Amino acid sequence: MSGLLTPEIREKLHGHAEIRQVFKVSRLGNIGGCMVIDGHIQRGSKLRLIRNGTIITEDLTFESLKRLKDDVKEVKSGFECGIKLAGYDDIKVGDVLEAYIREEFERTL
């Protein structure tokens, strides 16, 4: 019977990054120069774009995550990084990127 229950989905928040500068590259699109405010930003995470306190879009993924010209898997709080979002270019200075991951848990009776 417990196998018929739909799994419970929980979001685990990793951290926030604020876009400090937007770099426009003609062949790539917009790249956000970001500062990680709290937590950490991890490559496998999903991203949520927040502008002026409202959620603009969710479920964004990384096309690239760079720290000092090197591709990295993770950037910790207090460090700067460059983020290119996959298939999304509408970013502005002051936007906040919220990194999270969704975990599925089996429900029991």
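Every value quoted in this text rests on a predicted model; they were computed, and no experiment measured them. (Residues numbered from 1 in each chain as written. Predicted model: local features only at pLDDT ≥ 70, side-chain atom pairs only at ≥ 80, totals over all residues. Heavy atoms only, no water.)

Caption draft 1: Quick peek at the overall build of the protein. A tally of helices and strands in the protein yields 0 helices and 9 strands. Element order for the protein, N to C, with α for helix and β for strand: β-β-β-β-β-β-β-β-β. For the protein, the spread of C-alpha atoms along the three principal axes comes to 55 × 25 × 25 Å. Across the 109 residues that make up the protein, the buried fraction comes to 33%. Long-range pairs, those at least 24 residues apart, make up 66% of the contacts in the protein between residues at least 6 apart in sequence. Carbon and sulfur atoms provide 50% of the accessible area of the protein, an area that totals close to 7100 Å². Of the charged side chains in the protein, 18 are positive and 18 negative; the average position of the first set lies 4 Å away from that of the second. (Helix = DSSP H or I, 4+ residues; strand = E, 2+ residues; numbered from the N terminus. Buried < 20%, exposed > 50% of the residue type's maximum accessible area, 1.4 Å probe, protein only. Contact = heavy atoms within 4.5 Å. Areas by Shrake-Rupley, 256 points an atom, 1.4 Å probe, with all protein chains shown as cover. Lys, Arg positive; Asp, Glu negative; His and termini not counted. Charge placed at Lys NZ, Arg CZ, Asp CG, Glu CD.)

Caption draft 2: Focus on the pairing of strand β9 (residues 96–105). Bridging between strand β1 (residues 8–25) and β9 involves 10 bridges; their strand directions are antiparallel. Residue pairing in the sheet places Glu-11 in a bridge with Arg-102 of β9. Direction of pairing for strand β3 (residues 46–51) relative to β9: antiparallel, over a ladder of 5 bridges. Residue pairing across strands places Lys-46 opposite Tyr-100, the latter belonging to β9. (Pairing = 2+ DSSP bridges.)

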